[in-house]
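Below, each chain spelled out in residue letters.
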Amino acid sequence: MHIVDFVSGSFAGACGVAVGYPLDTVKVRIQTQRQFTGIWQCVAATFSKEGVHGFFKGMTLPLITISMTSSVVFGTYRNCLQCLSQARGAGYGPNTKLDVFLSGMTAGVAQTSVMSPGDIVKVRLQCQTASKRGGTSTPKPKYRGPVHCLLSIVKEEGLRGLYRGALPLMLRDTASYATYFLTYATLCEWLTDSGKDKPSWSGVMLAGGLAGIVGWTLATPMDVIKARLQMDGALEKRRYKGFFHCITETVRSEGAGVFFKSLGINWLRAFPVNMVVFVTYEALTKFLRDIAH
């Protein structure tokens, strides 16, 4: 088993959260609240009302949970590749593109159960636009922080509430991680000079960033549904009866284009985040394997 990949994946995920969290907050607000009509309007309104703190609401728990889920993703992916290679018998041989695709898909499924509770807390805190800086006449935030939010969801909705939106989350991540790792592996292959087995660090950065963009292009429609189901009933009366009703109701009231409303900001966020994730992952993996030998 490749333990190193679990460790380096964890650190890589934490670095990715730190880089991308402000834009993730903007993305979630655009997806779930009609008062925000675009990226810059959302940025300006958030900063004006809540200050810089508004972009980092609920970051503590995701920093922990995404470190865990990223560990699961990279560890599962690498070990699945090894298992598929070994299944071919003596000599193993290099992994095929199908191996990469299937391993990425498995990694996406594996991390859903770990990610879902932290993700719903993140989304609810990000969509909480009431500011702690307000005076006595200003409405106070419903949730005081990540732990209070987590306990409130369990109290009001039961343990099942922590897994609201888990189906679109799983559908989002199975497809996106499969293409994410396939894109990264393919680009690294193209960017590797002859006679070498890996690309340069600039090649890793480019491949990681572009892999993130491709992955999020596929993930965005399900990400919208996920966020809406997670927010449903939290701040106002419940609108959706379930997964399919959310899709049909969203299309009926806002048109199919709403599924790609946040695609621009996902692209803007995906490149630097995944550039950092893959550089951190590859560098730390190399370092840990060097000292192990």
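Structural notes, computed from the coordinates. This structure is a prediction, so every number in the text was calculated from the model and none was measured.

The next point concerns the overall build of the protein chain. Summing up its helical and strand segments, the protein chain has nine helices and zero strands in all. With the C-alpha coordinates of the protein chain rotated into their principal frame, the extents come out at 70 × 35 × 35 Å. Across the 293 residues in the protein chain, those meeting the buried criterion constitute 48%. Summed over its atoms, the accessible surface of the protein chain is roughly 14,000 Å², and 67% of this surface lies on carbon and sulfur atoms. Each charge sign in the protein chain was given a centre, from 32 positive and 18 negative side chains, and these centres are 9 Å apart.

This part is about a nonpolar patch on the surface. A surface patch of nonpolar side chains, about 290 Å² in accessible area, is lined by V109, L167, M170 and L171. Top contributing element to the nonpolar patch by residue count: helix α6 (residues 166-191), with three residues. Within the element layout of this structure, L171 appears in helix α6.

Turning our attention to the side chain of R269. Mapping R269 onto the fold places it in helix α9 (residues 263-292). Filtering out sequence-adjacent residues up to four positions away, R269 remains in contact with G20, L23, D24, K27 and W216.

Counted by the stated rule, this structure contains eleven aromatic pairs. Aromatic pair F74 and F181: ring centres 5.6 Å apart, planes at 90°, arrangement edge-to-face. Of the two residues, F74 is situated in helix α3 (residues 60-87) and F181 in helix α6; the sequence distance between them amounts to 107 residues. Here F74 and F181 have matching classes, each one buried. Summarising the aromatic geometry, the rings of F243 and F244 are spaced 5.0 Å apart at their centres and angled 70° between planes, so their arrangement reads as edge-to-face. Residue F244 is classed as exposed on the basis of its relative accessible area, which comes to 64%. Every member of this aromatic cluster is reached through a ring pair, and the members are F74, Y77, Y177, Y180, F181, Y184, F278 and Y281.

The rules behind these values
Residues numbered from 1 in each chain as written. Predicted model: local features only at pLDDT ≥ 70, side-chain atom pairs only at ≥ 80, totals over all residues. Heavy atoms only, no water. Helix = DSSP H or I, 4+ residues; strand = E, 2+ residues; numbered from the N terminus. Buried < 20%, exposed > 50% of the residue type's maximum accessible area, 1.4 Å probe, protein only. Areas by Shrake-Rupley, 256 points an atom, 1.4 Å probe, with all protein chains shown as cover. Lys, Arg positive; Asp, Glu negative; His and termini not counted. Charge placed at Lys NZ, Arg CZ, Asp CG, Glu CD. Patch = residues over 30% accessible without salt bridge, like charges linked within 9 Å, V, L, I, M, F, W, Y side chains within 5 Å. Salt bridge = Lys/Arg side-chain N within 4 Å of Asp/Glu carboxyl O. Contact = heavy atoms within 4.5 Å. Phe/Tyr/Trp six-rings, centres within 6.5 Å; stacked < 30°, edge-to-face > 60°.

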